[in-house]
Amino acid sequence: MSRNLLQAWQGARSRLEAAGVPGPVIDARVLVEAACGVTRADIVGDPHRELSAAQVERLDAYLERRIRREPVSHILGRKGFWNIMLGVTADVLTPRPETEVIVDYALRLFPEGRPFRILDLGVGSGAILLAILAERPAARGLGIDVSEEALAVARDNAARLGLADRIALLRGDWSGSLAGSEFDLVVCNPPYIASPVIETLDPEVRDYEPRIALDGGPDGLDAYRQLAPEILRMLRPGGRFLVEIGYDQKAAAEPLFRAAGAMEVETLPDLSTHDRVVTGMKNPLETND
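Residues numbered from 1 in each chain as written. Predicted model: local features only at pLDDT ≥ 70, side-chain atom pairs only at ≥ 80, totals over all residues. Heavy atoms only, no water.

Comments concerning the pattern of salt bridges
Right, so step 1: Tallying each qualifying case throughout the model produces 22 salt bridges.
Right, so step 2: Salt-bridge contacts for Glu204 lead to Arg66; the nearest nitrogen and oxygen are separated by 3.0 Å. Taken together, the positions of Glu204 in helix α9 (residues 203-206) and Arg66 in helix α4 (residues 53-67) put the pair 138 residues apart, joining distant regions of the chain.
Right, so step 3: For Arg66, a relative accessible area of 5% translates into the label buried.
Right, so step 4: Here Arg96 and Glu209 are joined by a salt bridge, their closest N and O atoms 2.7 Å apart. Here Arg96, found in the loop between β2 (84-87) and α6 (100-109), pairs with Glu209, found in the loop between α9 and α10 (222-234); they are 113 residues apart in sequence, far enough to count as distant.
Right, so step 5: Accessibility expressed as a relative area gives 23% for Arg96, which makes it partly exposed.
Right, so step 6: By relative accessible area, Glu209 is classed as buried at 7%.
Right, so step 7: Taken together, the shared-partner salt bridges connect Arg3, Arg15, Asp60 and Glu64 into one network. (Salt bridge = Lys/Arg side-chain N within 4 Å of Asp/Glu carboxyl O. Helix = DSSP H or I, 4+ residues; strand = E, 2+ residues; numbered from the N terminus. Buried < 20%, exposed > 50% of the residue type's maximum accessible area, 1.4 Å probe, protein only.)

Pasting the structure below:
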C-alpha cells in the first residue's frame, strides 16, 4: 500500500501517541523528515508526495526504535546544540538546552577577538567546548574525558565543524594530570543525579544515556567535592568557571566552591528559571608557589 508524506506523518504521530511516547507530534515530524529526506516545508507544501518502499521501511524502523523509548538523537545520530549540529552516540550524554546557559554566559565573559584558553572537564560530545570555540575564533580549548569512546565522538565533531586545529582532547579523570593555573575559563557538566534517583528517570535517560555521565553518587554531589578544588587549581588568577548543577543543588554546591577559595560565587538560572550553573572566579591577586 502506497503512503504519502501527510499519511506518513499522521500515521507516525498516531503510533507514537498510542505507545505513550512523550512529544509525539514533534518526534513524528522529525522522524518522517529524516527517514524520507524531506523538510517541514515539504510536508506542508507537498503533502501528497508518495514515499518509496525504502523510505517507508526506514520510517517504520525509526518508529519501532522510538516506541522502545530510544532517544531521537540516538536514532538520527545527531543533536542540535546552541548554533552547531553535533554527532551523538550512546557513549555520550545527549546535549540539552539547559546546558546552553554555560555557552551563553561564557560568550558574555569573553568578547570576540580576545584570545583565551578553555578547559572542558568531562567533555563528552564536545558540545560546550565546540559551541564556544565556534563563536570565538581567537579561543583555544582542551577537553578531558575518562571515556575513550566519548573522546572519539568529540574528535569527529571537532573535525566536522572545522575546529580540530583549536582543540586538544585527552583521556583522563578530571584534571589530575595537568599542571595548574593554565586556563582562563573552566567549564563542566558533571554527573549530578543521585544514584537512587536514576532508576526513576525517563527511559530515554535511564536506559540509553551513559550511566557514568549521570551518576553523581549517593547525594549527587560527589563530582563537585572533587572538582571544586581542582577547578580553582586549573584557573589562572582572575579566571572564571561555569559548572552545571541540578535544579535543587545550589545550596549544597555553592559552599564547596567558596571553601575551595572561589570568589563571586553565584548560580545562574536556565530558561525555565531553574538554578542551573554555578559560576565564580579565582582570586585575581592569588600568586602561585
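Digging into the pairing of strand β6 (residues 183-188)
Right, so step 1: Of all 6 residues in β6, 6 are buried, a share of seventy percent or more.
Right, so step 2: Of the strand pairs in this sheet, strand β3 (residues 116-121) and β6 are connected by 4 bridges, and their pairing is parallel. Across the sheet, the residue bridging to Asp120 is Val187, located in β6.
Right, so step 3: Sheet topology note: the β6/strand β7 (residues 235-244) ladder contains 5 bridges and is parallel. In the strand pairing of β7, Leu185 is matched with Arg240. (Pairing = 2+ DSSP bridges.)

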